[in-house]
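Here's the letter readout for the chains.
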Amino acid sequence: MTTMIDVLVIGAGFAGLRALHGCREMGLSTSVVEAGDGIGGVWYYNQYPGARCDVESFDYSYRFSPELEQEWRWSERYATQPEILKYINHVADRFDLRRDVYLNTRVVRAEYDDGAMRWIVDCEDGRQWNAGRLILAMGQLSAPKQTTYPGQETFAGRIIYSAQWPKDKIDFTGKRVAIIGTGSSGVQMTPVIARQAAQLTVFQRTANYSIPAANAPVSDAEDRMVKTDYRARREAARNSPSGLGFVPDPRSAIDVSAEEREAAYSAAWNRLGFGFALTFRDILLNQQSNDTASDFIRRRIAEQVEDPVIRDLLTPRDFPFGTRRPSVDSGYFATFNRPNVKLVDISTAPITAFTPDGIQTRDAEYPFDIIIYATGFDAFTGSLLKPDIIGRDGVQLRDKWSAGPISFLGLAVQSFPNMFIIVGPGSPSLLSNVLLSSEEQIDWLTALFEHCRQNAIGEVEASAEAEQDWVEHVNARAQETLYVKTPSYYMGAEMPGKPQVFMPYSGGVRGYRRILEKTAASGYEGFTLNKRAVQGVP
Ligand code: NAP
């Protein structure tokens, strides 16, 4: 069965549902297909204990509806995963989105029909969509790394992947639990599981910087204050470098006195969470400035950990703060002071195998009942490259991106007309508040669709030249930063064999928005707008 439609959106996370709402408001017939059996994207899958957002709730929420903003009451500064999932389900009901969402519907193939200017999209269950526009809202952290070790199948206990958290309630009481991985997921679940389990052992390959979440309940007064002038808050976020609402001190960290710098870091440490990285404008640009921030964090870590050996192991030293995604934690470091918690350094003595009883490292065997992989994702491109996406003249997206993702504005790819990517590589994406960035892109896209409708444009395609210029611009901006000094998932270093290129756009959400605005104002310079009017193309 083939469904003819104006717009097909792949992915029912925050971005996909927002795209559905935006396109529907324009009167375009729109469907969302989603591989999973629930809406919410990463917030649906990552149901591990302690999962919460590290962008403030007031900012990690949709801005498109002032009524929604006023109605919804966040209970904490940093919302937990269950509260975020409740929010997205509320939004789906509030705006009657579910009737156009097809769950358990995995796209396996999408091919552009050049003559008709339409996408033919095939799903695993045999259903087919024929769409005038294709929006890829598949997430940047939606393809979990399927880490395995030899002998894994012999382990008698339970193995859980944090990004595919099981639906049954896991009771850690009396259990010996292992966590492999100390990125944000591992850092968030460690204190929570430690409070319940008989024993918790964390296997760390790389020590990470982490900043206290300074989480707190949202008081009625704070709620009222934000809601009295929510627009101002949204504008502040839109005009801040990463969409978090923080504007850095415009001075260099090394141009202020040691006392002033320490005071600024202390204030940010106790209040800004992730925004600590924005205390001074050049923390991620200048090595010397970064050293001051990295050193400050190392001292704060040292204060939290009693055992000198564990303290040393937990202290990141090999890379500048922020060049790998820092975590925002709620008591992570102090958890290692508990008698039931162990840290195992697998950078020097790697895991060699799983045994029926547990984990074997080069130096020792550790028995467990439950082993949790918190080993992350094939970031940015993993989910986009899973299905076969075939553009004009049979070009496969996988082939086109074999040396790294290429796009114009992160939104469009030459040879793939009428296909648009939300918060993908080449856009601020994971360097920003992704919710804000996805709304910016979707608003811009719907304006483009309106322009097409008014001008009888059937086909929109990034030009090869614009794409080349954008890739160069993204690289040039990245080279100005310290990000490129460190192997990280920003650089494609998290997966063996992945092209090592800097994936997101580091020019900031405000800078990026100005480029989008300029592009629209120029009549969409950089895109080829094909006026052939074809019946059925919106
Ligand atoms: P991650 O940051 O990529 O961390 C993965 C961890 O697993 C790292 O410590 C890594 O060590 C380790 N690891 C990977 N492969 C391994 C292997 N084969 N053996 C042993 N250790 C291995 O993944 P994540 O913690 O899931 O977080 C990913 C991103 O999701 C975050 O950066 C953030 O953007 C997002 N996130 C956000 C929130 C939030 O909003 N609160 C929460 C969770 C996640 P190496 O560092 O040595 O590679």
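Predicted model only: the values in this text are computed from it and were never measured.

Cut-offs and rules
Residues numbered from 1 in each chain as written. Predicted model: local features only at pLDDT ≥ 70, side-chain atom pairs only at ≥ 80, totals over all residues. Heavy atoms only, no water. Helix = DSSP H or I, 4+ residues; strand = E, 2+ residues; numbered from the N terminus. Rg over C-alpha atoms; globule rule 2.2 N^0.38 Å. Buried < 20%, exposed > 50% of the residue type's maximum accessible area, 1.4 Å probe, protein only. Pairing = 2+ DSSP bridges. Axes fitted to C-alpha atoms, helices over the stretch in contact; angles between N-to-C directions. Near = heavy atom within 4 Å. Polar contact = N/O pair within 3.5 Å; in protein donor to acceptor, adjacent residues only side chain to side chain. Areas by Shrake-Rupley, 256 points an atom, 1.4 Å probe, with all protein chains shown as cover. Nonpolar A, V, L, I, M, F, W, Y, C, P; charged D, E, K, R; others polar. Lys, Arg positive; Asp, Glu negative; His and termini not counted. Salt bridge = Lys/Arg side-chain N within 4 Å of Asp/Glu carboxyl O. Contact = heavy atoms within 4.5 Å. Domains from an automatic or database assignment. Buried area = accessible area lost by both parts, 1.4 Å probe. Phe/Tyr/Trp six-rings, centres within 6.5 Å; stacked < 30°, edge-to-face > 60°. Lys NZ or Arg CZ within 6 Å of the ring centre and 35° of its normal. Core = buried A, V, L, I, M, F, W, Y, C linked by side-chain atoms within 4.5 Å.

Check the secondary structure of the protein and you find 15 helices and 20 strands. In terms of overall size, the protein behaves like a compact globule, its C-alpha atoms giving a radius of gyration of 23 Å where 538 residues would be expected to give roughly 24 Å. Referenced to the eigenvectors of the C-alpha coordinate spread, the extents of the protein come out at roughly 70 × 60 × 45 Å. Here the protein holds 538 residues, and the buried ones make up 59% of them.

Attention shifts here to the sheet that holds strand β8 (residues 176-180). If you trace the 5 strands from one edge of the open sheet to the other, you get β7-β16-β8-β9-β12, paired in parallel fashion. Strands with a single pairing partner mark the edges of an open sheet, and in this sheet they are β7 (158-161) and β12 (341-345). The sheet shows a mean angle of 20° between the axes of neighbouring strands, taken without regard to direction.

What follows covers the site of the ligand. Around the ligand, the structure places 25 residues, and the nearest of them are R52, Y149, T206, R324 and Y489. Backbone polar atom of T182 to an oxygen atom of the ligand: 2.9 Å apart, as the coordinates give it. The separation between an oxygen atom of the ligand and a polar side-chain atom of R205 is 2.9 Å. For the ligand, whose unbound accessible area comes to 900 Å², protein coverage reaches 86%. Per-element tally for the shell around the ligand: the top contributor is helix α5 (residues 184-196), with 3 residues. The residue inventory of the shell around the ligand, partitioned by class, reads 9 nonpolar, 10 polar and 6 charged.

Turning our eyes to something else, we now look at the side chain of E222. As for its placement among the helices and strands, E222 is situated in helix α6 (residues 220-228). Here E222 occupies a buried position and makes no salt bridge, while the nearest side chain of opposite charge, R271, is found at 4.5 Å. Beyond its immediate sequence surroundings of up to four residues, E222 is in contact with F58 and P217.

For the rest of this paragraph, the subject is the environment of H90. Residue position: H90 is located in helix α4 (residues 81-94). Note on H90: relative accessible area 26%, which makes it partly exposed. As for H90 and L68, which are separated by 22 residues in sequence, their C-alpha atoms are 9.5 Å apart. Apart from the residues within four sequence positions on either side, H90 is in contact with L68, E71 and W72.

Following the sequence through the fold, E440 ends up in helix α13 (residues 434-454). A relative accessible area of 9% means that E440 is categorised as buried. If sequence neighbours within four positions are ignored, E440 has contacts with R63, R238 and R513.

Bringing the domain arrangement of the protein into the picture now. When the domains of the protein are assigned, the result is domain 1 (2-143 + 379-531) and domain 2 (240-300). Measuring from the centre of the C-alpha atoms in domain 1 to the corresponding centre in domain 2 gives 31 Å. At the junction of the two partners, domain 1 supplies 18 residues and domain 2 supplies 16 residues. Interface area for domain 1 against domain 2, summed over the two sides, is near 1,200 Å², with a carbon-plus-sulfur share of 51%. On the surface where domain 1 and domain 2 come into contact, there are 0 salt bridges.

By way of backbone hydrogen bonds, the strands of a sheet pair with one another, either parallel or antiparallel. Across the sheet, 3 strands lie side by side as β13-β14-β15; this open sheet has antiparallel pairing. Where the open sheet ends on each side, the last strands, each with one partner, are β13 (351-354) and β15 (365-367). On average, each strand axis in the sheet is inclined to that of its neighbour by 20°, with strand direction left out of account. Strand direction decides the pairing type here: strand β14 (residues 358-361) and β15, joined by 3 bridges, are antiparallel. Looking at β15, one finds that Q360 is bridged to E365.

So, on to the packing of aromatic side chains. Here the structure, examined in full by the defined rule, presents 44 aromatic pairs. Ring centres of F380 and Y489 lie 6.3 Å apart, and the angle between their planes is 55°; this geometry places the pair in the tilted category. Highlighted residues: F380 in the loop between β16 (370-373) and β17 (388-390) and Y489 in the loop between α14 (464-479) and α15 (509-521), separated in sequence by 109 residues. Relative accessible area serves as the criterion here: at 1%, F380 is assigned to the buried category. For Y489, a relative accessible area of 23% puts it in the partly exposed group. Linked through ring pairs, F14, W43, Y60, Y62, F64, W72, W74, Y87 and F95 together constitute an aromatic cluster. When the ring centre of F95 is taken as reference, the NZ or CZ atom of R94 above it lies at 4.9 Å.

Our focus in this paragraph is the nonpolar core. Counting 125 residues, the largest nonpolar core has F276, I372 and F449 as its most contacted members. Each of domain 1 (2-143 + 379-531) and domain 2 (240-300) accounts for three or more of the residues forming this core. In contact with F449, other than residues within four places in its own chain, are V7, C23, M26, L28, R133, I135 and F420. Listed in part, the 24 residues of the second largest apolar core include I10, Y112, W119 and W401.

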